Amino acid sequence: MEFFLNDKNKKKLELFKELIFKDGEKVSFSYLQHYLGISLSTLKRYFDELEGDFQNNPELKQIYFEKNMGGYQLNNHSHFKIDYLVIHMRLYYLNESLQFKIISSILSQHYATAEELADDLFVSIPYLYKQINTLNEQLSIFHLKVIFNVTENLQGEEKFLRMFYFYFYWNAYRGIIMPAESELNSILSCSNMMKNLQTNYCSSVTKRIKLMLGISILRQRKKTIQLSTEIKSILQSFIDVTHISTIVKKYFVSEDEHLFFNLMLRSFISDIDTSEEKKLLYHSFSRTSPLVFSCELLINEYEKEFYPSTPMSPKEKNSIFYYVLIGLVHCTYFEINPLYFFRQVLINEQDNIEFLKKYIKKHPKNYYFYKNFRKNHPKFVIDPSFNLGICMLLTILTDMFLLPSVTIYIQYSSNNFGSVFIKNRLLTLFNPETIHFTKKISDADIAIIDNFEVHEEKEKQKFFFVNSFLDERMWLELIVFIQKNLLNND
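Throughout, residues of each chain are indexed from 1 in the direction in which the sequence is written. Residue-level local features of this predicted model are given only where pLDDT is at least 70; pairs of side-chain atoms are given and counted only at 80 or more, and the full residue set underlies all totals for whole chains, interfaces and linings. Note that water and hydrogens are dropped before the side-chain values are worked out from all heavy atoms of the structure.

Q: Could you give an account of helix α20 (residues 387-401), with specific residues and numbers?
A: With 15 residues, α20 extends 21 Å from end C-alpha to end C-alpha; this agrees with the ideal 21 Å at 1.5 Å per step. In terms of burial, α20 is a largely internal element, 11 of the 15 residues being buried. Helix and strand labels come from DSSP, where a helix needs a run of H or I of at least four residues and a strand needs a run of E of at least two; each type is numbered from the N terminus. The span expected for a helix works out to 1.5 Å for each residue beyond the first. Working definition: with a 1.4 Å probe on protein chains only, accessible area under 20% of the residue-type maximum means buried, over 50% means exposed, and in between means partly exposed.

Take a look at the structure:
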């Protein structure tokens, strides 16, 4: 969605976020310049413009901007929470984009001709078409295109339209605006569904479910979803096993609509299913499905590579299987890179690819594992064009579940209990599963020492000198030192 923002508004929004999250604290010019990558004069201009933008929003009163010596400060005396203020200002800047206005206009009403839309947006027809051409390049990710005919302004299969509606309305408005809200409320008013949702889920999740349910109800009146036999067999497990599916079942005109809605929940809401439900799902998926079989094959080979001595815990395996299977469904059914749901979709495609490549480059083990897996299993069902996305998904899941670890050697000879003190304190500061101790310096990734004796260093081994184990400054430096090694450990 940040694709719609120009560079200046992106910077102003980031500036606002930095100030509002440090509500009441001064933030220095030097920090803001470095964080935003701008000059001091540009920073001052953006701050003044940001203050003016708030003055143009009469409902956002009691937000006070202060200029202090060497920095800025923002004070929130309004009744609005920080997250609402950020969403509201982001939407304010999105609405300054003509391409955003084009999308929001054609989703809310139909235009038979480009002339009608140009009149509504107060732009010339040639300029409108120029913006639409750029916009269509982004919409091609969803296999959609802006058109003008007697029925729709977005051309594409219903599954792609439905996905885009969900994506756009949530990412742009985050519950501030709900399409056809009055009609939706009348449909839901005679039901305990919302009360049931609010009992089981947080407000953000409840808002998303309501949004997705509303779009499903309204869209299925125009055209219903039809699923392939294999996708239906996979999605049936979500109906049979998960609690949320039962709550919303009555609102759908067909089984395919209900199944599709369950897929959308898993595409846009993190952890909508509990650990116990993921366990039940893992065992309920039919292994005769080529997608499920391929998913299990990939996870089993992944386990052999990344968990060579101790197998995955059932919870880890259930979760990784769950996310990878949904990713494979995205690749085959939606023909879309699954990683687009981890990041904002409407961004520069080349920038997105470069981001993925840089992330994977930091995790070469994942890259070589997946490369060898595809070579050794040519019948894996996913088209090679999605290799980057699946590899990235596995890399993220590795970061999520596989704890990095370092082996530490401690030699503190200044007194007889310094080594024990350092070891025990490290165990209180770090997860005991991430740091291991050795009595052989040759086996260590990190050697914590209090002398400069010559040691035979192994490749990539790091040394940390300790003058006094009671020095608190030393402890801060040591914590950062170990954290960096854990983050860089592959």
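Q: Report on the sheet that holds strand β9 (residues 462-465), specifying residues and quantitative values.
A: Strands pair, by our definition, only if DSSP identifies at least two bridges between them. With parallel pairing, 4 strands are arranged side by side in an open sheet as β7-β6-β8-β9. Looking at strand neighbours, the two that pair on one side only are β7 (435-438) and β9, the edges of this open sheet. Across the sheet, the mean angle separating the axes of adjacent strands is 30° when strand polarity is ignored. Note: strand β8 (residues 446-449) against β9, 4 bridges, orientation parallel. Axes here mean lines fitted to C-alpha atoms, for a helix over just the part in contact, with angles spanning 0 to 180 degrees between N-to-C directions.

Q: Describe the state of the cysteines, naming the residues involved and giving the relevant values.
A: We call a pair of cysteine sulfur atoms a disulfide whenever their separation is within 2.5 Å. The full count for this structure, using the stated rule, is 0 disulfides. No disulfide involves C295; its sulfur sits 11 Å from the nearest other cysteine sulfur, which is in C331. Judged by relative accessible area, C295 falls into the buried class, the value being 0%.

Q: If you had to explain the packing of aromatic side chains to someone new, which residues and values would you point to?
A: The pairing test for Phe, Tyr and Trp rings, Trp by its six-membered ring, is centres within 6.5 Å, and the orientation test on the planes gives stacked under 30 degrees, edge-to-face over 60, and tilted for anything in between. Summed over all chains, the structure comprises 43 aromatic pairs. A centroid spacing of 4.9 Å and a plane angle of 70° characterise the contact between F29 and Y72, whose relative ring orientation is edge-to-face. On the criterion of sequence distance, the pair formed by F29 in helix α2 (residues 29-36) and Y72 in strand β3 (residues 71-76) is long-range, its members being 43 residues apart. The pair F29 / Y72 is uniform in exposure class, with both members buried. Taking 5.3 Å as the distance between ring centres and 50° as the angle between the ring planes, the aromatic pair formed by F464 and F481 counts as tilted. Taken together, the positions of F464 in strand β9 and F481 in helix α22 (residues 472-488) put the pair 17 residues apart, joining distant regions of the chain. For F464, a relative accessible area of 9% translates into the label buried.

Q: Describe the sheet that holds strand β2 (residues 63-68), listing the residues and the values that go with them.
A: Within the open sheet, the 3 strands sit side by side as β1-β3-β2. Their pairing is antiparallel. Each having just a single partner strand, β1 (27-28) and β2 make up the two edges of the open sheet. Pairing of β1 with β3 involves 2 bridges; the strand directions are antiparallel. By the bridge assignment, V27 is partnered in β3 with Y72. Every residue pair with non-hydrogen atoms within 4.5 Å of one another is taken to be in contact. Helix α3 (residues 40-55) rests against β2 and β3 of the sheet, and its axis sits at about 160° to β2.

Q: Any chance you could break down the packing of helix α5 (residues 98-108) against helix α8 (residues 158-173) for me, citing the residues and the numbers?
A: Angle between the axes and distance between the axes are the two parameters that describe a pair of packed helices. At a minimum axis distance of 12 Å, the contact between α5 and α8 shows a crossing angle of 125°. Taken together, the axis directions place α5 and α8 in an arrangement best described as oblique. By crossing handedness, the relation of α5 to α8 is classed as left-handed. Here F100, I103, S104, L107 and S108 of α5 come into contact with α8, specifically with F164, Y165, F168, Y169, A172 and Y173. Between 65 and 115 degrees an angle is taken as roughly perpendicular, under 35 as roughly parallel, over 145 as roughly antiparallel, and anywhere else as oblique. Each crossing gets its handedness from the near helix: less than a right angle anticlockwise from the far helix is left-handed, clockwise is right-handed.

Q: Before we move on, can you summarise the environment of K222 with the specific residues and values?
A: Residue placement: K222 occurs in the loop between α11 (203-219) and α12 (229-241). Judged by its relative accessible area of 59%, K222 falls in the exposed class. It is 21 Å that separates the C-alpha atoms of K222 and W170, two residues lying 52 residues apart in sequence.

Q: With reference to specific residues and values, describe α8.
A: In this model α8 runs 22 Å from its N-terminal to its C-terminal C-alpha over 16 residues, within 8% of the 22 Å that 1.5 Å per residue would give. Positive backbone phi, at 50°, marks R174, one or two positions downstream of α8.

Q: Mind laying out a nonpolar patch on the surface, listing which residues take part and the relevant values?
A: Within this analysis, patches are made of residues with over 30% relative accessible area and no salt bridge. Like charges are joined at 9 Å or less; nonpolar side chains (Val, Leu, Ile, Met, Phe, Trp, Tyr) at 5 Å or less. Computed with the Shrake-Rupley method and a 1.4 Å probe, the accessible areas treat only the protein chains shown as cover for residues. Definition used for salt bridges: Asp or Glu carboxyl oxygen within 4 Å of a side-chain nitrogen of Lys or Arg. A cluster of nonpolar side chains, namely F417, V420, F421 and L470, defines an oily patch on the protein surface of about 390 Å² accessible area. Relative to the assigned elements, F417 resides in the loop between β6 (406-411) and α21 (418-429).

Q: Any chance you could break down the nonpolar core for me, citing the residues and the numbers?
A: By nonpolar core is meant a set of buried Ala, Val, Leu, Ile, Met, Phe, Trp, Tyr and Cys residues that side-chain atoms within 4.5 Å join together. Grouped together as the largest cluster of nonpolar side chains are 140 residues, with contacts concentrated most on F164, F168 and I209. The residues touching I209, leaving out its near neighbours within four places in the chain, are L197, Y201, I244, F261, L265, I269 and I272. Residues I408, I410, M474 and L478 belong to the second largest nonpolar core, which totals 18 residues.

Note that every value here comes from positions in space, so none of it alone points to a role or purpose.
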